[in-house]
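Now for the letters of each chain:
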Amino acid sequence: MGVTPRAFAPFTVASALVLGAATLLATPSAEAQIGSRLSARLELGGTSLLSSPQSDQFGLGFAGRLDVGFRVAGPVQVHAFGAYNLWPSSSQEANAGSGTSTVLGAGIALEPAFSPRFRLRVEADLGASFNGSEADTRFSWGAGVGAWIGVAKVFDIGPIVRIGSIVASSD
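Calculation notes
Residues numbered from 1 in each chain as written. Predicted model: local features only at pLDDT ≥ 70, side-chain atom pairs only at ≥ 80, totals over all residues. Heavy atoms only, no water. Phe/Tyr/Trp six-rings, centres within 6.5 Å; stacked < 30°, edge-to-face > 60°. Lys NZ or Arg CZ within 6 Å of the ring centre and 35° of its normal. Helix = DSSP H or I, 4+ residues; strand = E, 2+ residues; numbered from the N terminus. Contact = heavy atoms within 4.5 Å. Salt bridge = Lys/Arg side-chain N within 4 Å of Asp/Glu carboxyl O. Buried < 20%, exposed > 50% of the residue type's maximum accessible area, 1.4 Å probe, protein only.

Asker: Give me the packing of aromatic side chains: which residues, what numbers.
Answerer: Inspection of the entire model under this criterion finds 1 aromatic pair. Of note, Arg65 hangs over the ring of Phe81, and the distance from its end group to the ring centre comes to 4.0 Å.

Below you can see the structure in the form of structure tokens.
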């Protein structure tokens, strides 16, 4: 009886996480510089479902996201996020209800600075989507591209476009 590669998957993931944490903690920098590596971002915007039957059942909605990140080196950042999406029903029925999704996850981003007040951002995310009931947790992925314009020392504004998918269940 041989050992399959799947048997090593948890150890591979755990090893990668330990190695990543050790790299972050062993980065030589003064304690004051650690604060300059941290970031927090609140995003508010609109959202739309692109595929049927969801796009037929729900209209334009609201999206909110809180993102906490750490710049590892240069423009490379790792981040954790929580996002909430709400899509109102496009049906005229009184009891039609809304669609919701809460996503918790993490990702990696490249955010090069072109000036002290202007940065681009490209990112990739993986997460778990909680879709209304405890039994309906699904894998999700996403990507985003945007620009940030600094209007104050700790306040940026800018557009970001995101695309994501909640992987359908086998049902």
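Asker: Tell me about the environment of Ala106, and name the residues and values.
Answerer: By the element assignment, Ala106 lies in strand β4 (residues 98-110). Taking the C-alpha atoms as reference, Ala106 lies 8.7 Å from Gly82; in sequence the two are 24 residues apart. Setting aside its immediate chain neighbours within four residues, Ala106 contacts His79, Ala80, Phe81, Ala124, Asp125 and Leu126.

Asker: Requested: an account of the pattern of salt bridges, with residues and values cited.
Answerer: Inspection of every chain in the model, using the stated rule, returns 12 salt bridges. The shortest N-O distance in the salt bridge between Glu43 and Arg162 comes to 2.7 Å. With a gap of 119 residues between them, Glu43 in strand β1 (residues 38-47) and Arg162 in strand β9 (residues 160-166) connect regions that are remote in the sequence. Given the relative accessible area of 12%, Glu43 is considered buried. Among the salt bridges present, the one from Glu123 reaches Arg162, with a minimum N-O distance of 2.3 Å. Taken together, the positions of Glu123 in strand β6 (residues 118-130) and Arg162 in strand β9 put the pair 39 residues apart, joining distant regions of the chain.

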